[in-house]
Amino acid sequence: MCLAVSCGVLKSYQKEYYLVMTYYKPARIPRVSTYHLRKPKIFISFNYTYDHGYRYLMSAWNANPCFDFTYDDRTPHEIQTDSVSKVKAVLTTKIKESSAVVVIIGSHANELHPDRYLIGYRNWQNYEIAKAKELGKRLVAVQVNRNFHYPEELIGVNATRVYSFSQDSIIKAVRGF
């Protein structure tokens, strides 16, 4: 007897629930962009001989949980070849994978490379900037000293300029804030 009553109550409850749910329209939750929460994929363009310390410092910021600096480094590790075509292929692939190219403007940014005729530009930095422009990547120019000159390929380009090598200014520029 108790079982029959409880089943009748349950069926009655189900009908009421169904009636309520047919008139209920759930609230529309606006879609929030999570672009600023994702790790930006950054390719770092720098003079390896003189400015590699800046890349290592950015990697240290990224590894340290106390810093609000996160990125997915798309810069290739040292390329162990003398073939200009292989280096170009690797650099092009890494730039394609990136969402932004951070150009570290050091004292040797315009230095002539011995293979400049094979590269097609003054140096590898100018090649990387030209490739980033060709692929439509966001460019961030980090001038570590106001006396250092911009690479030729960066002059007249709509790049975000950063005048200090600080984690806040770089990450804001990369994210477009």
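Given the structure is predicted, the values throughout are model-derived calculations rather than measurements. (Residues numbered from 1 in each chain as written. Predicted model: local features only at pLDDT ≥ 70, side-chain atom pairs only at ≥ 80, totals over all residues. Heavy atoms only, no water.)

A.B. asks: Summarise the pairing of strand β4 (residues 138-143); cite the residues concerned and give the values.
C.D. replies: Burial analysis of β4 places 5 of its 6 residues in the buried class, which makes it a mostly covered element. Two strands pair when backbone bridges link them, and strand β3 (residues 100-105) and β4 are joined in this way by 6 bridges, in the parallel orientation. Counted as the bridge partner of Val-102 is Val-140 from β4. As judged from the 3 bridges shared by β4 and strand β5 (residues 160-162), these two strands associate in the parallel manner. Paired with Val-140 across the bridge in β5 is Thr-160. (Buried < 20%, exposed > 50% of the residue type's maximum accessible area, 1.4 Å probe, protein only. Helix = DSSP H or I, 4+ residues; strand = E, 2+ residues; numbered from the N terminus. Pairing = 2+ DSSP bridges.)

A.B. asks: Kindly report on the packing of aromatic side chains, identifying the contributing residues and their values.
C.D. replies: According to the stated counting rule, one finds 5 aromatic pairs in the structure shown. For the pair Trp-124 and Tyr-127, a centre-to-centre distance of 5.8 Å together with 85° between the ring planes defines the contact as edge-to-face. One end of the pair, Trp-124, and the other, Tyr-127, are both in helix α5 (residues 124-135), 3 residues apart, so they sit about a helical turn from each other. When its relative accessible area of 7% is taken as the criterion, Tyr-127 is described as buried. (Phe/Tyr/Trp six-rings, centres within 6.5 Å; stacked < 30°, edge-to-face > 60°.)

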